[in-house]
Amino acid sequence: MGNENRSTTPQSTTFQEYIFANWAERAEARPQQRAQAPYAADRRARISGLHRGERLVIPAGPAKARANDTDYPYRAHSAFSYLTGWGSDSVPGSVLVLEPTANGHDATLYLLPTAGRGSEEFYANAAIGEFWTGPRPSLAHVAADLGLETRHLDEFADVLEATDGTTRIVREADRDLTDQLDGRRLLAAELGADAGVSIDEDGDTAFFRDLSEMRFVKDEYEIREMRLAVDATKLGFDDVIADLPQIIQHPRGERLVEGTFYRRARAEGNAVGYDTIAASGPHACTLHWTRNDGPVVPGDLILMDAGIELDSLYTADITRTLPVDGTFTEVQRQVYEAVLEAADAARAIVKPGIRFREIHAAAMGVIARKTAEWGFLPVTAEESLVPELQYHRRYMVHGTSHHLGIDVHDCAQARRELYLDGEVLEGMVFTIEPGLYFQPDDLTVPEEFRGIGVRIEDNILVTADGSENLSEGIPRTVADVEAWLAR
Ligand code: GLY
Ligand code: MN
Ligand code: MN
């Protein structure tokens with residue numbers, strides 16, 4: 001474990017002989033194939049069709065160090081999970097390889113299987129030993145579970161050996177493995193096996209981009225998971241509201257908001273898809289306020305942006321802005337209703353065939369009109385909306401929508417012509433999340449607006465002729481929010 005100061009494992013042969021012996025036989029049940037397996041197989045077939053003749057390497061990635069020998073909770077790379085169906089229970093360091101064949105690819109999953117009780121690993125290796133981090137599954141277990149051929153990670157050496165100019169890797173998933181692969185590719189080029197081919201970073205980038213663009217349209221399994229993630233997120237919001245009486249008593253009430261949401265996540269066996277934003281009062285004007293070290297003050301609004309991530313790694317991304325003492329003041333309500341109107345205007349145009357960027361434009365039309373009506377802009381709303389001016393964006397500098405899925409900001413490597421400028425398709429899932437943020441020291445707005453930040457964020461599924469708001473069940477109108485808090 002690289003830290004002799006803490007090494008207390010006995011070293012004697014007597015001890016070793018003793019600890020190796022007298023373990024009961026373990027009968028490993030062969031699992032049912034998981035529900036996601038056929039969907040993952042379908043995704044592999046799609047990427048195979050886009051990259052015929054290329055060897056495709058998709059690492060899960062290593063555990064990431066938090067400090068010294070302590071790691072962050074492990075999370076496999078999203079591209080790996082997407083193509084294997086392996087989520088929170090992935091074994092760190094695994095690699096999926098799609099080996100080109102005459103008419104497609106053969107998929108093999110390389111992993112470090114259970115070490116058993118025959119080597120020192122199980123008791124002496126603090127990083128991966130069974131006594132330290134828990135048992136790993138066998139190759140047969142994972143093969144049955146995921147419906148994939150599995151091999152020992154040691155055999156990945158054969159893939160490295162075969163690496164040439166036609167090999168593509170998801171570079172960011174595992175830097176060490178990428179370096180090794182680059183070395184092999186350089187060697188292949190120098191040996192003349194692939195004249196003119198060196199490390200084809202452009203090829204890797206195109207591969208990574210395709211993996212991102214594949215995820216725009218969600219399959220049936222993914223939509224089911226997103227619904228579950230949103231439903232689980234609602235329970236966390238409910239708990240925060242129930243805990244508000246204690247939360248307002250605490251000098252770091254924002255931490256309690258975060259903690260209450262996380263307690264519900266863990267109680268249901270889940271995680272969070274990103275750090276919870278618990279932003280009370282003027283903290284709401286900091287878009288990604290995750291420090292959460294302030295009080296939650298009656299009379300203020302609390303902006304809470306949180307999402308449950310399931311074992312499958314699919315996540316929700318929901319924001320609600322609530323009056324801490326149960327009712328909106330006049331000016332809070334004015335801002336809130338403007339944001340709600342922007343959200344509804346954006347949602348209203350969603351259907352297959354529109355351009356993704358039109359959703360943002362619809363929301364911005366309302367934001368410009370409202371801020372102009374209130375006298376905050378030096379020009380009219382129409383003038384402000386001209387691309388060169390955009391005065392109203394002072395109060396909402398972020399975009400209105402992003403795709404959502406395994407990643408909270410899903411499909412991030414996609415080309416602009418398919419994302420921002422792309423067509424909205426049935427089966428896409430994205431957020432609609434307009435906001436208005438009046439900084440505490442903003443001299444362009446009247447004093448009573450300063451320090452108010454409102455965002456309303458919903459998760460939208462595109463249907464055949466319109467859309468469904470997956471988070472409709474989480475109160476969002478002024479009346480419904482006040483009734484929710486009164487319960
Ligand atoms: N939670 C980050 C976002 O809304 O995009
Ligand atoms: Mn979002
Ligand atoms: Mn969010």
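Before reading further, recall that the structure is shown in the block above.
Now for a quick tour of the structure. Computed from a predicted model, the values in this text were never measured in an experiment.

Some remarks on a nonpolar patch on the surface
Here is step 1: Nonpolar side chains collect at one region of the surface, where Trp23, Phe131 and Trp132 lie side by side and expose about 340 Å² of accessible area between them.
Here is step 2: You can call phenylalanine 131 partly exposed: its relative accessible area is 45%.

A short note on unusual backbone geometry
Here is step 1: The backbone phi angle of leucine 313 is positive, close to 80 degrees, even though this residue is not glycine.
Here is step 2: In this structure, leucine 313 sits in the loop between β11 (308–309) and β12 (318–323).
Here is step 3: In this structure, cysteine 411 is a non-glycine residue whose phi angle is positive, near 60 degrees.
Here is step 4: Relative to the helices and strands, cysteine 411 resides in the loop between α14 (381–384) and β13 (429–432).

Some words on the site of ligand 1
Here is step 1: Residues in close proximity to ligand 1 include Tyr274, Asp305, Asp317, His402, His409, Glu433 and Glu457, which together make up its full environment.
Here is step 2: Between ligand 1 and the protein, one listed contact pairs an oxygen atom with a side-chain N or O atom of aspartate 317 at 3.2 Å.
Here is step 3: Taking glutamate 457, its side chain carries an N or O atom lying 3.2 Å from an oxygen atom of ligand 1.
Here is step 4: Relative to its unbound accessible surface of 200 Å², ligand 1 loses 91% to contact with the protein.
Here is step 5: Of the residues in the shell around ligand 1, the class split is one nonpolar, two polar and four charged.

A short note on the coordination of the manganese ion (ligand 2)
Here is step 1: For the manganese ion (ligand 2), the protein coordination sphere consists of Asp317 (OD), His402 (NE2), Glu433 (OE) and Glu457 (OE), at 2.0 to 2.2 Å.
Here is step 2: Around the manganese ion (ligand 2) sit six donor atoms, and with donor-metal-donor angles ranging over 52 to 155 degrees the site reads as irregular.
Here is step 3: The buried category is assigned to glutamate 433, whose relative accessible area is 9%.

Some words on the coordination of the manganese ion (ligand 3)
Here is step 1: Every protein donor of the manganese ion (ligand 3) is accounted for by Asp305 (OD), Asp305 (OD), Asp317 (OD) and Glu457 (OE), and the metal-donor separations fall at 2.0 to 2.3 Å.
Here is step 2: Along the chain, the residues donating to the manganese ion (ligand 3) are arranged with the sequence spacing D-x11-D-x139-E.
Here is step 3: In this structure, the manganese ion (ligand 3) is positioned 3.3 Å from the manganese ion (ligand 2), and both are ligated by aspartate 317. Separated by twelve residues along the polypeptide, aspartate 305 in strand β10 (residues 301–306) and aspartate 317 in the loop between β11 and β12 bring together distant segments of the chain. Accessibility assignment for this pair places aspartate 305 and aspartate 317 in one class, buried.

Here's the deal with the pattern of salt bridges
Here is step 1: With the rule as written, the count across this model stands at 39 salt bridges.
Here is step 2: Note that aspartate 182 is salt-bridged to arginine 171, the shortest N-O span being 2.7 Å. Within this pair, whereas aspartate 182 is found in helix α8 (residues 175–190), its partner arginine 171 is found in the loop between β7 (167–169) and α8, the two being separated by eleven residues in sequence. Of the two residues, aspartate 182 and arginine 171, neither departs from the other in class, the shared state being buried.
Here is step 3: A salt bridge links aspartate 238 to lysine 234; the nearest nitrogen and oxygen atoms lie 3.1 Å apart. Residue aspartate 238 and its partner lysine 234 are both found in helix α10 (residues 220–247); the two are separated by four residues, about one turn of the helix.
Here is step 4: Members of the salt-bridge network, linked through shared partners, are Arg75, Arg215, Lys218, Glu309, Asp407 and Asp410.

Points about the packing of aromatic side chains
Here is step 1: Per the counting criterion, the structure on display carries 22 aromatic pairs.
Here is step 2: With 5.2 Å between their ring centres and 85 degrees between their planes, phenylalanine 122 and phenylalanine 131 make a pair best called edge-to-face.
Here is step 3: By relative accessible area, which is 1% here, phenylalanine 122 ends up buried.
Here is step 4: Directly above the aromatic system of tyrosine 82 lies the positively charged group of arginine 43, at a separation of 4.5 Å from the ring centroid.
Here is step 5: Above the face of the tyrosine 82 ring, arginine 215 is positioned so that its terminal group lies 5.9 Å from the ring centre.

Notes on the sheet that holds strand β1 (residues 55–59)
In any sheet, the strands associate via hydrogen bonds between backbone groups, in a parallel or an antiparallel arrangement.
Here is step 1: With mixed pairing, the five strands of this open sheet are ordered in space as β6-β5-β4-β1-β7. Of all strands in the sheet, those with a lone pairing partner are β6 (149–152) and β7, marking the two edges. When the angles between neighbouring strand axes are averaged without regard to direction, this sheet yields 25 degrees.
Here is step 2: Pairing of β1 with β7, which is carried by three bridges, proceeds in the parallel orientation. The residue of β7 that forms the bridge with leucine 56 is arginine 168.
Here is step 3: Against the sheet, helix α6 (residues 139–146) touches β5 (104–111) and β6, its axis set at about 155 degrees to β6.

As for the sheet that holds strand β17 (residues 467–469)
Here is step 1: With antiparallel pairing, the three strands of this open sheet are ordered in space as β13-β16-β17. Single-partner strands in this sheet number two, and they are β13 and β17. Taking each pair of neighbouring strands and ignoring which way they run, the sheet shows an average axis angle of 35 degrees.
Here is step 2: Here four bridges tie β13 to strand β16 (residues 458–462), and the two strands are oriented antiparallel to one another.

Analysis parameters
Residues numbered from 1 in each chain as written. Chains lettered and ligands numbered in written order. Predicted model: local features only at pLDDT ≥ 70, side-chain atom pairs only at ≥ 80, totals over all residues. Heavy atoms only, no water. Patch = residues over 30% accessible without salt bridge, like charges linked within 9 Å, V, L, I, M, F, W, Y side chains within 5 Å. Areas by Shrake-Rupley, 256 points an atom, 1.4 Å probe, with all protein chains shown as cover. Salt bridge = Lys/Arg side-chain N within 4 Å of Asp/Glu carboxyl O. Buried < 20%, exposed > 50% of the residue type's maximum accessible area, 1.4 Å probe, protein only. Helix = DSSP H or I, 4+ residues; strand = E, 2+ residues; numbered from the N terminus. Near = heavy atom within 4 Å. Polar contact = N/O pair within 3.5 Å; in protein donor to acceptor, adjacent residues only side chain to side chain. Nonpolar A, V, L, I, M, F, W, Y, C, P; charged D, E, K, R; others polar. Donors = N, O, S within 2.8 Å, 3.2 Å for Na, K, Ca; no water. Tetrahedral: all angles 85-135°; square planar, octahedral: opposite > 155°, others 65-115°. Phe/Tyr/Trp six-rings, centres within 6.5 Å; stacked < 30°, edge-to-face > 60°. Lys NZ or Arg CZ within 6 Å of the ring centre and 35° of its normal. Pairing = 2+ DSSP bridges. Axes fitted to C-alpha atoms, helices over the stretch in contact; angles between N-to-C directions. Contact = heavy atoms within 4.5 Å.

Any link to function would need more than the numbers given here.
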